[in-house]
Structure formats: structure tokens, C-alpha cells
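# A look at the structure
Listed below, chain by chain, are the residues.
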Amino acid sequence: MTARLEQAMALHRAGRLADAERAYGQALAEESTNATAALLLSEIQRDAGRLDAAEQSARRAVQHGSTNHLAHYNLGEVLRRRGKLEEAIAAFHAALRLEPKLAEAQLNLGVALQEAGRVDEAIAAYRAALALRAGYAEAHLNLGVALQRLRRFDEAIREYEAAASLRPADATAIYSIAVARFEQGEIDGAVEAYRRALDLNPQHENSRNNLAYMLQVLGRYAEAASLYRRGVEGGPNPETAARYLSLASLYDPGTDQTARYREQRGFEDRFARPVYARTTPHAAAKDPNRRLRIGYLTADFKDHPVARNVEPLLVHRNTRDFEVVVYADIDEPDSTTERLKRLVDLWRPIRGHDDEAVARQIRADAVDILVVLAAHFDRNRPLVAAWRPAPVQISFHDLLTSGLQVMDYFIADRFLHTRRNPESFTERVLHLPSFYLHAPLEAPPPGPPPRAANGFVTFGSFNNPAKVNDAVLELWVRVLREVPDSRLVVKFRNWFAAPSLRGRVDAALKKAGVAPERVQIDSAAEPRGSHLARYAVIDIALDPFPFSGSTTTFEALWMGVPVVTLAGATLASRWSASMLHALKLDTLIAATPDDYVAVARNLADDRDGLARLRAGLRDRVAASPLCNGRLRARQLERLYRAVWRRRCAEAADGDPASRGRHALD
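In short, a report on the structure. (Residues numbered from 1 in each chain as written. Predicted model: local features only at pLDDT ≥ 70, side-chain atom pairs only at ≥ 80, totals over all residues. Heavy atoms only, no water.)

## So, the pairing of strand β1 (residues 292-298)
For β1, the tally of buried residues reaches 7 of 7 residues, placing the bulk of the element in the interior. Burial of the side chains of β1 extends over both faces: Leu292, Ile294, Tyr296 and Thr298 are buried on one face and Arg293, Gly295 and Leu297 on the other. In the sheet, β1 pairs with strand β2 (residues 322-328) via 7 bridges, with the strands oriented parallel. By the bridge assignment, isoleucine 294 is partnered in β2 with valine 324. Remark: the β1/helix α17 (residues 305-315)/β2 crossover connection has right-handed handedness. (Buried < 20%, exposed > 50% of the residue type's maximum accessible area, 1.4 Å probe, protein only. Helix = DSSP H or I, 4+ residues; strand = E, 2+ residues; numbered from the N terminus. Pairing = 2+ DSSP bridges. Right-handed = clockwise from strand over helix to strand, strands pointing away.)

The structure is reproduced here in C-alpha cells:
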């Protein structure tokens, strides 16, 4: 061992990592084949997140220390973090051939296999790690995650409980139990476990955010907002909590639109404005007609409503005039992910990359128009746009303004976004002829009206119970009272079976004096798509408010079930109305709660008209703009071309104020 290497290792042990990194570099300059120096340098670079450099150093360590199992292990970990999963798996196998008893290598082999979708092999690797090291809490946790992915919930929970017994002060295992309970549909059990996790660690962000969402599902919006605010004020990721706080307001009928907009502008002041000063302007756009590079930024290109809405646009895109790059933060790729990859020109995984790194990549890729999808939802990344990585930036498939001045446009349609909309937007709102888009569903044909066999009308809703607030329940009960002998079926996965949710329904019925047997809770838990056959028992669907249905509305219509909706003034309240308008079914759109009851009653009273509507509704949907991906792709591409030409015109005019002189829609 050279003196320089000894010095570097001493600095490393002392935690002086920058000095140690320089010393390792000097040691390698003196002895380029020193595998130990390369390995330890790679570990520092890896832990600092500089994965390009870490990979170079790790490969150098393997090259000059091919019999060192730790060199192969470290290379595997770097490659896994870089998303090079098959190479990582090979490196972990190499480490285990050299040292079969290395439990950490079995554990991380399992992680790489699981991330590659090879879940059964991952389970075997985790079990091998446990065989090598009894009481390996991390292996119990990861084994639980893998089992949960296969929906083997009881087995997963046993593994989480084993981890919790080994680490009683750690919130992670209790949080994992809560997630498994949630996915099982055990809402009350999930709430209890999330509270336990927060008792152990009040700063456990995922537990706080997930508990807040559970409270939304239970209709306890003020409590949910309070939890999100705690995350905004003192959590480790306040920008995520702020996004979720704004999103949660869509479910609450008591939301103050002005106060929400102030908070969204505060989001910009706190999280985006410090970034603005660090950005550089883009070169002037000079060619309005050249081929454009469109970038889509998303965490939802998997089995998800956003993916299902965007896929037809990619299938029918104009490849001659538009190139598409996807920046995908996908945690669990699936068959939808693989299908979408084949539809685009370039797919860049960004999981694990911070916003600045993603923005640098987008700028390096020379993206002309960045489209940020569903910015407030899931793990999407609106603050990437704060770095202004593209000359033109658009918010698409969101329900709220981004609040960012650097987001240029927001896409809706004229029925979604009306002149009387009380919401404020930092973006200029652009209007497609109609918005919602979905490929035809593979589903059984609509059956005969269930009323014919039952002798009574059955209303139904398969919407997320987070949308079913007390005002919605009260209005639905009014409908039952106005339509004699009618029934109501509610279903969302198996969630309504939770005693707390069932109790809310029963309380609304009792308050109105309606017999509880008139409401059926459908608690069957089926894979997506299987539930479509259950529309065979529904005559008329009832939409919630102020957050109306979207995918649920489309599915009901596809199954021949008309949807009665209450169209408010906000975007979130008008999704169903926009679809019905595109189908020329405006008579199903109510303007007031009294209208809603009247529309439902009149539809129920018109036995023959309801039967005709059911028989022809699927064909009407299939022939409508809702299923015309080719038409919508052309409309969207015309919009993209228009905003690009406007960008070029601004450059030619040399005056940003000229933007108002160029019509867009």
C-alpha cells in the first residue's frame, strides 16, 4: 500500500470526503492499476450521486482487481443506481461467485432483479440473503415489497412484521404494513398503521402524505389539509407536500379558490423563484416550420389514466414533423411502459436524478417544447420547468395552474375551461376542440337494461370515495327519494367495505330516512377491467362533485350507462360534462343540485328512451372525438406548431409584448 493511499484512507475514515477523493485521485495518478484506490474512490463518488464518475472508477477497480468481490459488488450497485439493471445483475453474480456468503450482494441482487421486473428471482435472492444472515431486517423488508408486488399481501405483512420486530424504533416497516393494508383495501387498518409510523417518526414524509390521502378518502378534508401543511412547513420535501395540498383542495367543496391561488404563487416564490436567477435564456427561434422535438415529462407512463389518455396521441403522431422524447420517472415499469417506449424516438429514464440534472438533460437534448404531464399528481416534477429547460413549456392533463410564470401554456377545451371559471392561471389557457381521449376498451357488450329484470331503476357510482363528500351523498339520497323503489350501487375496488366508509353512507341514509337496503356496497376487489362487467347491473351512473369522474365516466359510457353530472365552474368539476358535451348529451349535464335530481328522475322515468340510449351509447362513444386518436393528434400538433410559430414571431419582433398579436386558438 502506497503512502498516498494510506493517507487517502485515513481521510476517508475521518469523514473528510472531498480531501479523500483528491488523495485517491493522486494515488491513482501515481499507480494507475491500484484497484483499491479505484474502488474506494468509486464509493465516494457513488454516495455523492456522481454516478458517471463512479461507474468509470468502479470499472477500473474491476479491471485491475478482478478477483476482488467487493469491486464487483460496488460496480453492481453503481450500475443499478444508473438503471443498467442487466449489467448490475451480472456484476452481483460475479461478486457472489467470488464470495458466496456475501449477504449484501444477495440483497442488492434482489433489488436489481425486482427493478428489472424479475420478481420471482428477486424473492429467491432475498431468501438467500436471509439464509446467510438471520435477522437481516433489510432483507425482510425487501422480500415483503416483492411479495406485495405479486399481491401476496398476508405473506408480505409477515415479512414487514419480522422487520419491525428487529427494528422496533424504525417507522419503515410499520409504513410498509400500512401500504400493504391500503392495497388490500383495508382502509381503517391502513390509517391505524400510518398513525403508528408517524408516532415513531413524526417526520416520516410518506406516512404523513399517505395518511392525509386516506383522510381524503374518508371525507375528512380539513384533517388531510392540516397534515399536508405540516409537510409544507417542516417536512423533508415541502414542495411535494405543497403540490398535494393544492391537489387535495379539488376534493373539498368548501375550497376558497383565491386562497388556493395565493398558496400556489407562494409555491413559486419559495421553490421556483430561487432557481430562475440561475437559468440562462434560449437562443432565438428562427425557423417556424422545421421538425420540432417535443419532450414529455412524466411519472405516469405505466398502467395509469394519463398513459391511457396520451397513448393514442403517440400512436397517431406525425413522425415527419415531430420527434418525441420522454423523460420518465417510473418506479415500477409494466407492459404499458414497454409499449409506450416503442412509440417514441427517445426514452430517457430519470428516476433518481434531481430536477436540475433532468433540466440539463432536456436542454442538452435540444427539446423545443416541454410538456409537463399531470404536474400536481403522483410523483410528477413541475419544478423541472423552473429551470426553463425548453423554449416553450406547456402544462397538460393537470387540473390546476402550475403557479409558475415559466410555464407558458395550459391545455384544456372550451367546455372544461369557460369564461366564468373562477380559477386563476399563470399560464395562457389554450383550447382543443375537445379534451378527453381514450382508446376503445376491450369489454363485454352492454347488456339489456337491468330495470327490465329488476322492476326498479339502479343508480350507481364506481368513483373513488375521496370524491364522494357529504354533499354528494346527500344529493344521491335525494335522487333515491325522488325515484321510488330505486337502488344505488357504490363500488371502488373493495374500499367501501371499510367500516368507516360504510358508516358515512349509512349516516346519510339514516339522516334522510332512506332504508339502508336501498344502497348496495359492492366490495369485490378485481383487477382493472374486470369490474366493467359489473355495469350490467347499473341503469344510470351518478357523478360526484366538485371533482367529477374521468376514467370512471368514460368506462360507464362505454358500457352503455348514461352519466348524470353536476357541472360546476372549475376544471375539476367539468370533466364528465366535457365528455357528455362531445357526445351531444348535454341534457345529462345539470347546472344546480335541483337540476341534477331532475335529470336523474326524468331519465329514470323515460323507460324507452333509457333503453335506446343504452343500446346505442357504445357506438356513439366509439364514433366520437373521445376515441378519435388520429384527429386529436392532429389538433394537438397544430397547437404545438402554433405556439412554436408564436415563439419565432416574438424573436422576429424582438418584443415579448407582441405575443398577443399572434392568434393560437
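That covers the picture; the talk isn't over yet.
## Quick look at helix α21 (residues 470-482)
The end-to-end C-alpha separation of α21 is 19 Å, in line with the 18 Å expected for 13 residues at 1.5 Å each. Those residues of α21 that sit buried are Val472, Leu473, Leu475, Trp476, Val477, Val479 and Leu480. Buried residues along α21 sit in contact with β8 (458-461), β9 (487-490), α22 (499-512), β10 (519-521), β11 (540-542) and α25 (593-605). Regarding α21, its N-cap is asparagine 469, as a side-chain oxygen of that residue lies 3.0 Å from the backbone nitrogen of alanine 471 further along. (Expected span 1.5 Å × (residues − 1). Contact = heavy atoms within 4.5 Å. Polar contact = N/O pair within 3.5 Å; in protein donor to acceptor, adjacent residues only side chain to side chain.)

## Description of the side chain of threonine 401
The topology assignment puts threonine 401 in the loop between β5 (392-396) and β6 (409-413). From its side chain, threonine 401 meets the backbone nitrogen of glycine 403 in a polar contact 3.1 Å long. A polar side-chain atom of threonine 401 sits 3.1 Å from the main-chain amide nitrogen of threonine 426. Here threonine 401 is in contact with Tyr261, Gln264, His376, Phe410, Ser424, Phe425, Thr426 and Glu427, once residues within four sequence places are set aside.

## Quick word on the sheet that holds β2
Judged by pairing direction, the sheet is parallel, and its 7 strands sit side by side in the order β3-β2-β1-β4-β5-β6-β7 without closing on themselves. This sheet does not close on itself; its edge strands, each paired only once, are β3 (346-349) and β7 (428-432). The average undirected angle you get between the axes of adjacent strands in this sheet is 25 degrees. The pairing of β2 with β3 spans 4 bridges and is classified as parallel. Note on β3: the bridge partner recorded for valine 326 is tryptophan 347. (Axes fitted to C-alpha atoms, helices over the stretch in contact; angles between N-to-C directions.)

## Some details on the environment of serine 335
In this structure, serine 335 sits in helix α18 (residues 335-341). For the pair serine 335 and lysine 302, spaced 33 residues apart in sequence, the C-alpha separation works out to 7.4 Å.

## Comments concerning the nonpolar core
In summary, soluble globular proteins display a tendency toward joint burial of nonpolar side chains. Membership of the largest hydrophobic core comes to 204 residues, with the highest contact counts inside it found for Tyr296, Phe301, Ile369, Phe459 and Tyr640. Considering every element that reaches this core, the biggest residue donor is helix α11 (residues 171-184), with 9 residues. In contact with tyrosine 296, not counting residues within four places along its chain, are Leu314, Val324, Val325, Val326, Tyr327, Val371, Leu373, Leu636 and Tyr640. (Core = buried A, V, L, I, M, F, W, Y, C linked by side-chain atoms within 4.5 Å.)

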